[in-house]
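Okay, here's what each chain looks like letter by letter:
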Amino acid sequence: LSSTLSACEILFTYLRVSSVATAVVWPYMGACQAGARDLFWPYLTPKASGFVSSAAGKVLIAGNLAHSSAKNKAWAARANMTVDAMPVLEGVPTIDAADFLAPGNEGKRPSQAVIDQVREACATWGFFQLINHGVSQELLDEHYEAMKQFFKLPQGVKDGCRRSKDNSMGYFNDEFTKQKLDIKEGFDFRHTPNPDLPDHHPDNYDPQGVNRWPQGQPYFKEVNERYFREMTRVAFCLLEVFAIGLGLEPRALHYIFQPTHTSFLRLNHYPVAPDAAPDSLGISPHKDAGFLTVLVQDHAAGLQVLRNGVWHLVPPLRGAFTINVGDMAQVTTNDRFFASDHRVLQSRDSDRCSS
């Protein structure tokens, strides 16, 4: 999935405020959680914000993030079934972004109805579909085509930009989720703070690595960089709506991600598996580590989100973005927003791509 605003900003904010330094990023999540709570506690406690939890909001996780999977297993045990055998229903909220993202409306404050819809979706589902977002269908189609053509390249060409132990950007087909091999291949590239300079320039250095592009494929790079700029625009506009929904000023969260951020875009290809069992997984259940994810799906269904112990299909909508809350948004909002478990089924009918 394409994490358009990343987890690392929250950690870096914590390190700046607390003057604590560490060379280990991901194991530091516990301290990061405490730091984020300290930063936003005066604004985001239920008492301060006047927030009243709805019945659906009771699925919010209180306390540490680690017990979410245990909670899901408890739901399954209560229903006398395994997590993989849970029933599947359709339906995540669909939200119209025309009044704050459509051409001519960008930057405008959305209606209170839209603010309420976004807040409720983030608090109860952790997922929603976004339509009328202002990104042209022409660009989406170009992006789809470039992505599909890349994954059709000879394996040797893709291996030429394979990621390595010292650079996490590039091609891969060997990633694990929850200690299970993903049945997919992918390609990652990251935000570069100085796009006019070469990717490998020292001013574009990042601990994640530098972008690796396939040789002889300039169109692939050009289209995806253009698409990434649009995803960044959408993500920052959504960040404002998130802030307003939390009772903050529109740009209250921007400083975490500016002047630069560690976002990256992930292209995914799930090969067709005609003999796969109906519940065979392309990616195992997981939560996204970043702040928010902006995802686009092709025509093939497969993404599912867990809510109240039931898997819900997130059906592809042509031109729509699927938005989901990441762990860092849940931490930053003191569990006001909820990062949901989600998974991807193997496709038995056709290849599937998403980004």
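Residues numbered from 1 in each chain as written. Predicted model: local features only at pLDDT ≥ 70, side-chain atom pairs only at ≥ 80, totals over all residues. Heavy atoms only, no water.

Honestly, the sheet that holds strand β5 (residues 170-172) in this entry has me stumped. Any pointers?
The strands that make up a sheet are held in pairs by hydrogen bonds between backbone atoms, and each pair lies either parallel or antiparallel. One open sheet holds the four strands; their spatial order is β5-β8-β9-β16, and the pairing between them is antiparallel. Across the chains shown, the open sheet's two edge strands, defined by having one partner strand only, are β5 and β16 (352-354). Taken pair by pair, the neighbouring strands of this sheet meet at an average axis angle of 15 degrees, ignoring direction. Inspection of the sheet shows strand β8 (residues 185-190) paired to strand β9 (residues 264-270) by six bridges, in the antiparallel sense. Within the sheet, the bridge partner assigned to D188 lies in β9 and is R266. Docked against the sheet, helix α7 (residues 137-151) engages β5, β8, β9 and β16, running at close to 60 degrees with respect to β9. Lying on the sheet, helix α9 (residues 218-245) is in contact with β8 and β9; it crosses β9 at an angle near 120 degrees. (Pairing = 2+ DSSP bridges. Helix = DSSP H or I, 4+ residues; strand = E, 2+ residues; numbered from the N terminus. Axes fitted to C-alpha atoms, helices over the stretch in contact; angles between N-to-C directions. Contact = heavy atoms within 4.5 Å.)

In this structure, what is going on with the pairing of β9? I would like to understand it.
Strand residues, when the strand is regular, have side chains that alternate between the two faces of the sheet. With seven of its seven residues buried, β9 lies for the most part within the structure. Alternating residues of β9 divide into F264, R266, N268 and Y270 and L265, L267 and H269, and every residue in both groups is buried. In this structure, β9 lies alongside β16, joined through three bridges in antiparallel fashion. Opposite N268, over in β16, you have S354 as the bridge partner. (Buried < 20%, exposed > 50% of the residue type's maximum accessible area, 1.4 Å probe, protein only.)

Looking at this structure, how should I read the pairing of strand β14 (residues 321-325)?
The buried count for β14 comes to five of five residues, which makes it a mostly enclosed element. Here β14 shows no split at all, with F321, I323 and V325 on one side and T322 and N324 on the other all buried. Pairing of strand β4 (residues 127-131) with β14 involves four bridges; the strand directions are antiparallel. In the sheet register, L130 faces β14, and the bridge partner there is F321. One ladder, built from four bridges, connects strand β11 (residues 292-295) with β14; its direction is antiparallel. Within the sheet, the bridge partner assigned to V294 lies in β14 and is I323.

Looking at this structure, how should I read the packing of aromatic side chains?
Each aromatic ring pair is summarised here by two numbers: the centre-to-centre distance and the angle between the ring planes. Applying the stated criterion across every chain, the model contains 13 aromatic pairs. For the pair F187 and F220, a centre-to-centre distance of 5.3 Å together with 75 degrees between the ring planes defines the contact as edge-to-face. A residue pair is termed long-range when its members are at least 10 positions apart, and F187 in strand β8 and F220 in helix α9 qualify at 33 residues. Accessibility classification places F187 together with F220 in one group, the buried group. Here the aromatic residues F150, F151, Y171, F187, F189, W213, F220 and F228 are joined through ring pairs into a cluster of three or more. Geometry around F172 places R163 over its ring, the cationic atom sitting 4.0 Å from the centre. For the cation-ring pair, R307 lies above W125, with the distance from its terminal atom to the ring centre recorded as 4.5 Å. (Phe/Tyr/Trp six-rings, centres within 6.5 Å; stacked < 30°, edge-to-face > 60°. Lys NZ or Arg CZ within 6 Å of the ring centre and 35° of its normal.)

What is the right way to look at the pattern of salt bridges in this model?
Charged atoms that come close allow side chains of opposite charge to pair. Summed over all chains, the structure comprises 17 salt bridges. Notably, a salt bridge pairs R226 with E222, separated by 2.8 Å at the nearest N-O pair. Residue R226 and its partner E222 are located together in helix α9, separated by four residues, close to a single helical turn. Assessed through its relative accessible area of 24%, R226 is described here as partly exposed. Between E240 and R251 there is a salt bridge; the shortest N-O distance is 3.7 Å. Taken as a pair, E240 in helix α9 and R251 in the loop between α9 and β9 lie far apart in primary sequence, 11 residues in all. Linked by salt bridges that have partners in common, R163, E175, D188 and R266 make up one network. (Salt bridge = Lys/Arg side-chain N within 4 Å of Asp/Glu carboxyl O.)

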